[in-house]
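Observations on the three-dimensional arrangement
What follows is each chain in one-letter form.
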Amino acid sequence: MRVGSCLRLLGFALAFLALGACVPRAQIDPVTIEPDVGKPVSIFVGTTRARDPVRYFSATERGPVSYARFDVTVPPDHRSGSVEVGGREPNPKEDFVVRKVSPFADSSVFRRAVRDTFRANPKMENEAVIFVHGFNNTMADGIFRLSQLMNDLQVPGLPVHFSWPSAANPLGYGYDRDSVLYSRDGLETLIREVSASGANDIVIVAHSMGTSLVMETLRQMAKSDK
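Figured I'd write up the structure that's included with this text. (Residues numbered from 1 in each chain as written. Predicted model: local features only at pLDDT ≥ 70, side-chain atom pairs only at ≥ 80, totals over all residues. Heavy atoms only, no water.)

Section: the overall build of the protein
Across its full length, the protein carries 6 helices and 7 strands. Starting at the N terminus and ending at the C terminus, the protein contains elements arranged as α-β-β-β-β-α-β-α-β-α-α-β-α. In the protein, the share of contacts with a sequence separation of at least 24, taken over all contacts with a separation of at least 6, comes to 78%. (Helix = DSSP H or I, 4+ residues; strand = E, 2+ residues; numbered from the N terminus. Contact = heavy atoms within 4.5 Å.)

See below:
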């Protein structure tokens, strides 16, 4: 795959907010809710956060790239541009919540699921949107942000999130920087898997430190494709 043939990079800057201890952080623990509450959004995920037998994925530990699908619900009274979260006890009527986490056994199962989703949704026109989060983000932060963007902007493509192991700490810059370097191969693998799943066009949206990860990965891919 030639990098320039199907990838477009959109970099955007969001204001950095230092998160104090009193501010709730988003959680990926599934919440049981009534089926008619909120708007469902399904997010495909590739991550270099290590697998965790208790909570699906480690908060900070690094590991080989693995895959999952997160079924998210956007709250009924959602305000455009906001990501409403309720910490460890979210209210589905007011907050973004995860309804279901479906880890994929391996890359072949992930590819098949992406391919089936394209076939079932012709309006996607085989376009994928890969979102790469930035500094000081939990896994849920990135998943909910992509859900918010897809919902508010009415993006027709397939939402895919690449979650690298941020320390999710305003003082964790060094750890996050090293995690970005560690995750270059993982992001390249995800991009190639999405392409192999039938994506004709891949849009990459990168935030903050995630932009550095994307640029390093695309440079790596361009060199290997020569």
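As for the packing of helix 4 (residues 173–182) against helix 6 (residues 209–224)
Any two packed helices are characterised by how steeply their axes cross, that is the angle between the axes, and by the distance between the axes. Between helix 4 and helix 6, the shortest axis-to-axis distance is 9 Å and the interhelical angle comes to 25°. Comparing their axes, helix 6 and helix 4 come out roughly parallel. As for how helix 4 packs across helix 6, the hand of that crossing is right-handed. On the side of helix 4, the interface is formed by Tyr 173, Asp 176, Arg 177 and Val 180, while helix 6 contributes Met 209, Ser 212 and Leu 213. Of the residues belonging to the contact of helix 4 with helix 6, the class tally is 4 nonpolar, 1 polar and 2 charged. (Axes fitted to C-alpha atoms, helices over the stretch in contact; angles between N-to-C directions. Parallel < 35°, antiparallel > 145°, perpendicular 65-115°, else oblique. Left-handed = near helix turned anticlockwise from the far one by under 90°. Nonpolar A, V, L, I, M, F, W, Y, C, P; charged D, E, K, R; others polar.)

Things to note about helix 4
Buried within helix 4 are the following residues: Asp 176, Ser 179 and Val 180. End-on view of helix 4: buried residues confined to an arc of 105°, all on one side of the axis. Tucked into the core, helix 4 has its buried residues touching strand 3 (56–74), helix 5 (184–196) and helix 6. (Buried < 20%, exposed > 50% of the residue type's maximum accessible area, 1.4 Å probe, protein only. Arc of directions from axis to C-beta.)

As for the environment of Glu 125
Topologically, Glu 125 is positioned in the loop between helix 2 (107–120) and strand 5 (127–132). Judged by its relative accessible area of 64%, Glu 125 is exposed. Sequence spacing of Glu 125 and Asn 200 is 75 residues, and the spatial spacing of their C-alpha atoms is 8.0 Å.

Brief notes about the nonpolar core
In this structure, Ile 130, Val 132 and Val 194 are the most contacted members of the largest nonpolar core, which totals 30 residues. Here Ile 130 is in contact with Val 160, Phe 162, Leu 190, Ile 191, Val 194, Ile 202, Val 203, Ile 204 and Val 205, once residues within four sequence places are set aside. The next biggest cluster of nonpolar side chains, apart from the first, holds 23 residues, and it includes Phe 57, Val 98, Val 129 and Ala 140. (Core = buried A, V, L, I, M, F, W, Y, C linked by side-chain atoms within 4.5 Å.)

With respect to the side chain of Gln 148
Structurally, Gln 148 is set in helix 3 (residues 139–153). Side chain to side chain, Gln 148 and Asp 152 meet in a polar contact 2.8 Å long. With residues up to four places along the chain from it excluded, the contact list for Gln 148 reads His 78, Gly 81, Ser 82, Val 83 and Phe 96. (Polar contact = N/O pair within 3.5 Å; in protein donor to acceptor, adjacent residues only side chain to side chain.)

With respect to the side chain of Glu 84
Relative to the helices and strands, Glu 84 resides in the loop between strand 3 and strand 4 (97–104). Within polar-contact distance, the side chain of Glu 84 engages the backbone nitrogen of Arg 79 at 2.9 Å. Look past the residues within four positions of Glu 84 in its chain and what remains in contact with it is Pro 75, Asp 77, His 78, Arg 79, Glu 94, Asp 95 and Phe 96.

Quick look at the packing of aromatic side chains
Counting across every chain of the model gives 7 aromatic pairs. Seen from their ring centres, Tyr 67 and Phe 110 are 4.5 Å apart, and the 25° between their planes marks the pair as stacked. Within this pair, whereas Tyr 67 is found in strand 3, its partner Phe 110 is found in helix 2, the two being separated by 43 residues in sequence. Given a relative accessible area of 4%, Tyr 67 falls into the buried group. Of the aromatic side chains, those joined through ring pairs into one cluster are Phe 44, Tyr 67, Phe 104 and Phe 110. Positioned over the ring face of Tyr 175 is Arg 62, at 4.1 Å from the centre of the ring. (Phe/Tyr/Trp six-rings, centres within 6.5 Å; stacked < 30°, edge-to-face > 60°. Lys NZ or Arg CZ within 6 Å of the ring centre and 35° of its normal.)

Quick word on the packing of helix 2 against helix 5
Running from amino to carboxyl end, helix 2 crosses helix 5 at an angle of 50°, the nearest separation of the two axes being 9 Å. Of the possible angle classes, the one that applies to helix 2 and helix 5 is oblique. You can see that helix 2 and helix 5 cross each other, and the crossing is right-handed. In this structure, helix 2 uses Ser 107, Phe 110, Arg 111 and Arg 115 to contact helix 5, whose residues at the interface are Leu 190, Glu 193, Val 194 and Ala 196.

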